[in-house]
Each structure stands twice: as C-alpha cells, then as structure tokens.
Amino acid sequence: MTDDAPNELFDLEIRLLLEAVYLRYHHDFRDYALSSMRRRMRHAMARFGCERLSDLQHRLLHEPGLFAQALQYFTVQVSDMFRDPLYFQALREHAVPVLRTYPSIKLWIAGCSTGEEVWSLAILLAEEGLLERSLIYATDINPESLRIAEAGAFALDRVAQFSRNYLAAGGRASLSDYYTSGYGGVVFDRRLKRQIVFADHSLATDQVFSEVHLVSCRNVLIYFNRELQDRAVGLFRDALVHRGFLGLGSKESLQLGPHATEFEPCVPEQRLYRKVAA
Amino acid sequence: MDLRREIDAVVMGASAGGVHALQAVLSSLSADFAPPVLVVLHLPSGRPSRLPELFAPHCARPVCEAYDKQPLEPGTVVFAPPDYHLLVEDRGHLALSVDEPVLYSRPAVDFLFDSAAAAFTHRLLAILLTGASADGSEGIAAVRRAGGVAWVQDPSDAASELMPSSALALAGADEVLTLNKICERLAAY
Ligand SMILES: C[S@@+](CC[C@H](N)C(=O)[O-])C[C@H]1O[C@@H](n2cnc3c(N)ncnc32)[C@H](O)[C@@H]1O
C-alpha cells in the first residue's frame, strides 16, 4: 500500500455514494467540487455515526428519511442579507435604471438558500419603486432552506450585521422598517413576499423555466466543478433576455468558461455581467 | 529534506503576528522557487484584504489573491481571500467555499491544509506559524497522516504561541523550527 491509498479509497467511496444518491433520489452531486465534498462527507459520517462512507451509502439507500437529513451535508446553507454590500449597490446603480424600462420585470435568484439574498433584493426593488411590477423566482434544491426562505424569519442576533450591510449597500431607510421583531427573531413584511415565487429547481438537472431580465447566482458555482459551472451558466444565458444581467459571487468569474464571450462585464469588480449577442 | 526534489506544493497558515512572520518567510523565497505557495492568514471579515499589495514588495515570486477554480501556477504565492475558505481542488486547481468558519475563522488553515494533503499527499510541505487560535492543528494532523511534511514554528519563537503549540500537542511535527530557520531552509531551495 502506498501513502495515498487511504485518500484514493475515500474518493472512490465518495463517487460511489454520489452515484447511489443520484440513482435513488435523482439529486445529482456528481459534478460538485470534490475538495469541499470530502469535508462534508466526513462531517456526515460523524453526524450519522458511520465509520466508513460506504456504511453511510448503505443507510442512505435504505432510509429515505435519512437522506432528507443528509441533504444538509451535501450543500452549504451559509448566507447573509446584502452580503457584499457593493454588489447590491452595483445592482441599484447599473441594473435598476435598465430594469425600470421594462413594463414587467422577472428576476431569478438561483441557489437562494435560506432567503437572505431574496429578501434583500425585494427590499431593494421596493425602494426603487419596482417591486410591484417585478416577479422574483427564488430557487434552490434544499426544501428545508426554501421553507425557511419563504417564512422570512431570521434570528435576532444576525440583524445587526444585516442592518450594517443594508446601509453599506445604499439602503434608503432603516432595515427595521421592513421587519417586525418577536420570539427572539425578526419576520420580514409579508407585503415584500407577494412578488416572490419559491421553487425547487436544480442547476444540475433542470432546464430553463422562464425568460428573465436578471439572474443572481452567488456562491453556488464555487461548489461545482468546471463542467457543471458551464451547464449552469448556459442555463442563465438561455434564460436571460438580450442585454439581461447576470450577477455572480465576489470570487466567481466567467473568464475560465466557454460562455465568457456571451457576456460582457458591466461592473467587473462586483461580478455583474450583461448578456451580449452571440 | 531536499525541497527541490521532494515537494510539489507548499501551504502556510498564520494568525496573530502572521503579517510580520509571513513577510520574513515570503521574502526568503528565491526567484526560482518552483512549488506553488498557498497561504491562509486570518483576516478581519467584510473588507478587501490588500494582502497581495502588502506582500508583493517583499517577495521575488508573484503574489495574488485566489479566485474560484484558479489554475495552480508554479512559484506563485496565492492568498485566501477574506470571507472564503481556500481549498486545493486537485493538483492543478484551487477552489473556494463559504462553509461555516472554523473556530471563528474564514478563511481557515484547516480547510487549506486538509484539502492540500488529499491532493498532494506526501509531496506537500505545510508550515504553521504564529497565531492565537487552534485552527491549523487538524490540518497539520491531516498533512502528516497523508505522509506530507509538517514544519511548525517553535512556540517560544512565535509572537503568539497558541497556533503552533496546539498543533504540536495534537499532531506533532516533522520539525519544530524558529522563524529564522524556516527562512533559511526555504532560501536554500
Ligand atoms: C452558500 S449558499 C448561497 C446562498 C446565497 N446565494 C448567498 O450568496 O448568500 C449555496 C446554495 O446553493 C444551493 N445549491 C447547491 N446545489 C444546487 C443546485 N444544483 N441547484 C440549485 N441550487 C443549488 C444550496 O442548496 C445552497 O442553498
């Protein structure tokens, strides 16, 4: 046995498990970045008391209830309101004036997790007087996260950070205008939600479902390998109208992929792009 | 150990006192230092780091901040960006993640070391420097389990001893070295 045999064996077990999950539950994690998947599989093994990953695979195949819990380990649900405030400022300054010219506006937040980004965008649109004629599609593969996102309720100890971000993002009022507090948490105004559709949609296996004017997909592509990143960006290109906007996470970029020429930088430092004619 | 023949990548981790220590270490790299050098320095979150600007003047090799799926270039010094974990995806690429912080830190040394150990196994050199955090201990353990080489700064020589001493307690090291010695060894490349 060589030194690296245990690592190779673990990688092999990961591939087998992801294949099993795909065949059994149709969730496709096979093209996710391996480096962070390894860590999360180790955590899942510890959490479910499995000594080997193949033990976890066995249990996942035979216990559908366990898969629902394990889904939390296949994906990362970390988010923040107005995360990277300058990104939201760029949306306000560069995307909003164009969106304003459409009689009705469709926006897609892909990989919306527990909803922080969705509620942020809804507030931004409300302050710009555009929410009434907007429709926001908020999609994710994690049903538990979508449920939380839809509830619009967040822990009180996170609100100070949310407020700081909101102001840094160019917020026009006070974040507290948009929520009511109680029970150790805050709940965002239902009225913001009337224009939001929360839906299960996978960038790995599903197709385009609507034409949209803006896609925001932040810190989702980092979990994909290059092939799957290309698939996802292809969906965004197909969904976007001519000159539509695409916003990515602050360390994600299109420069490496085959779709690089189909978009032009709009605010490059904030990873805001626009679709150009092919 | 013959760095030139035995090592394909170098990873470094530091926290409190790390700017000074890393300036010394990075300035000891010669212009023909071939392995990529990947660095996690704990940072305050929520603002741009300017680490490349800070370190480039002291370093004979190019210095940059990582972006997602960045190809690994020989002899390039790559820093983890603030608010992201830096990982080695495979022997040719990096990856980033926004997983929860480790011991309040994102980037975390453990993420980098652990993923680099999986990719480079025994061809990896990990260097853990000063810091007031126990982050990096699990990483050093992973590097050693995979057969890689771990140098840990002598806690009595470190500005902040917790990071090196925690790693030594958990995982030991191949060598415990002063900052000067670490620089000398790298300079001899
Ligand atoms: C780190 S969160 C990003 C949250 C938010 N966009 C932000 O930047 O704060 C990543 C999200 O991507 C979702 N995700 C992972 N794979 C996906 C897929 N194939 N299709 C859609 N969403 C996915 C995860 O469930 C998770 O909610």
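Quick notes on the rules
Residues numbered from 1 in each chain as written. Chains lettered and ligands numbered in written order. Predicted model: local features only at pLDDT ≥ 70, side-chain atom pairs only at ≥ 80, totals over all residues. Heavy atoms only, no water. Helix = DSSP H or I, 4+ residues; strand = E, 2+ residues; numbered from the N terminus. Buried < 20%, exposed > 50% of the residue type's maximum accessible area, 1.4 Å probe, protein only. Contact = heavy atoms within 4.5 Å. Areas by Shrake-Rupley, 256 points an atom, 1.4 Å probe, with all protein chains shown as cover. UniProt positions renumbered as here; feature names shortened; annotations may be inferred. Polar contact = N/O pair within 3.5 Å; in protein donor to acceptor, adjacent residues only side chain to side chain. Axes fitted to C-alpha atoms, helices over the stretch in contact; angles between N-to-C directions. Parallel < 35°, antiparallel > 145°, perpendicular 65-115°, else oblique. Left-handed = near helix turned anticlockwise from the far one by under 90°. Nonpolar A, V, L, I, M, F, W, Y, C, P; charged D, E, K, R; others polar. Near = heavy atom within 4 Å. Phe/Tyr/Trp six-rings, centres within 6.5 Å; stacked < 30°, edge-to-face > 60°. Lys NZ or Arg CZ within 6 Å of the ring centre and 35° of its normal. Pairing = 2+ DSSP bridges. Right-handed = clockwise from strand over helix to strand, strands pointing away. Salt bridge = Lys/Arg side-chain N within 4 Å of Asp/Glu carboxyl O.

Scanning chain B from terminus to terminus reveals seven helices and nine strands. Going through the 189 residues of chain B one by one, you find that 62% of them count as buried. Intrachain contacts of chain B at a sequence separation of at least 6 include 68% that bridge at least 24 residues. When the accessible surface of chain B is split by element, carbon and sulfur atoms take 51% of a total near 6800 Å².

This paragraph deals with the UniProt feature "active site" (unreviewed entry) in chain B. All names here are of chain B. UniProt annotation of "active site" (unreviewed entry) refers to Ser-15, His-42 and Asp-135 when read in the numbering used here. These annotated residues cover 121 residues of sequence, but their C-alpha atoms sit close together, with the largest distance between any two at 9.6 Å. Turning to its location among the elements, His-42 is positioned in the loop between β2 (37-41) and α3 (51-55). Contact partners of His-42, with chain neighbours within four places excluded, come to Ala-14, Ser-15, Ser-105, Pro-107, Ala-108, Val-109, Ser-133, Asp-135 and Met-163. Side-chain polar atoms of His-42 contact the side chain of Ser-105, separated by 3.2 Å. Within the element layout of this structure, Asp-135 appears in the loop between β7 (124-128) and α5 (137-145). Judged by its relative accessible area of 0%, Asp-135 falls in the buried class. Ignoring sequence-local partners within four residues, the contact set of Asp-135 consists of His-42, Val-102, Leu-103, Ser-105, Ala-108, Val-109, Asp-110 and Met-163. A distance of 2.7 Å separates polar atoms of two side chains, one belonging to Asp-135 and the other to His-42.

Residue and element names in this part refer to chain B. Packing of helix α2 (residues 18-27) against helix α7 (residues 179-187) brings their axes to within 8 Å, and their N-to-C directions diverge by 25°. The angle between α2 and α7 falls in the class roughly parallel. Between α2 and α7 lies a crossing whose hand is right-handed. Only Leu-179, Ile-182, Cys-183 and Leu-186 of α7 make contact with α2, whose side of the interface consists of Ala-21, Ala-24 and Val-25. Here the contact of α2 with α7 is composed, by residue class, of seven nonpolar, no polar and no charged.

Here the focus is the site of the ligand. For the ligand, the set of nearby residues contains 22 residues, the closest of which are Tyr-32, Ser-79, Arg-83, Glu-117 and Asp-140 of chain A. Site remark: the ligand is flanked by residues from chains A and B. One of the side-chain nitrogen or oxygen atoms of Ser-79 of chain A is found 2.6 Å away from an oxygen atom of the ligand. Here a nitrogen atom of the ligand sits 3.0 Å away from a polar atom, N or O, in the main chain of Arg-218 of chain A. Here the ligand has 600 Å² of accessible area as a free molecule, and 98% of this is covered by the chains. Its residues placed into classes, the shell around the ligand shows nine nonpolar, nine polar and four charged.

This brings us to the packing of aromatic side chains. In the structure shown here, the tally under the stated rule is 19 aromatic pairs over all chains. Note on Phe-55 of chain B and Phe-79 of chain B: the rings are 4.9 Å apart at their centroids and 25° apart in plane angle, and the pair reads as stacked. Of the two residues, Phe-55 of chain B sits in helix α3 while Phe-79 of chain B sits in strand β4 (residues 77-79), which places them 24 residues apart along the sequence. Of the two residues, Phe-55 of chain B and Phe-79 of chain B, both sit in the buried class. Taken together, the ring pairs connect Tyr-25, Phe-29, Tyr-32, Phe-67, Phe-74 and Phe-224 of chain A into an aromatic cluster. Here the basic side chain of Arg-185 of chain B rests over the ring of Trp-151 of chain B, its NZ or CZ set 5.6 Å away from the ring centre.

Residue and element names in this part refer to chain B. Most of β7 is tucked away, with five of its five residues classed as buried. Neither face of β7 is exposed, since Leu-124, Ala-126 and Leu-128 on one face and Leu-125 and Ile-127 on the opposite face are all buried. As defined by bridge partners, strand β1 (residues 9-14) adjoins β7 across five bridges and the pair is classed as parallel. The residue of β7 that forms the bridge with Val-10 is Leu-125. As a crossover connection, the stretch from β7 through α5 into strand β8 (residues 149-153) is right-handed.

Attention now goes to the pattern of salt bridges. Opposite charge on two side chains makes pairing possible when the charged atoms of those side chains draw close. Enumeration according to the criterion identifies 26 salt bridges over all chains in this entry. Salt-bridge contacts for Asp-99 of chain B lead to Arg-40 of chain A; the nearest nitrogen and oxygen are separated by 3.9 Å. Residue Asp-99 of chain B is found in the loop between β6 (93-97) and α4 (109-120), and its partner Arg-40 of chain A is found in helix α2 (residues 34-47); the two belong to separate chains. For the pair Asp-99 of chain B and Arg-40 of chain A, one class covers both residues: buried. A salt bridge links Arg-237 of chain A to Glu-262 of chain A, with the nearest nitrogen and oxygen atoms 3.1 Å apart. In this pair, Arg-237 of chain A sits in helix α9 (residues 226-239) while Glu-262 of chain A sits in the loop between β8 (240-248) and β9 (263-267), placing the two residues 25 residues apart along the sequence.

Now for the sheet that holds strand β3 (residues 153-155) of chain A. Residues and elements named next belong to chain A. Strand order in this open sheet of three strands is β3-β5-β4, and the pairing throughout is antiparallel. Since the sheet does not close on itself, it has two edges, and those belong to β3 and β4 (179-182), each with one partner. With direction set aside, neighbouring strand axes in the sheet form an average angle of 25°. In this sheet, strand β5 (residues 185-188) lies alongside β4 in antiparallel orientation, the contact comprising four bridges. Considered in β5, the bridge of Ser-181 is made with Val-186.

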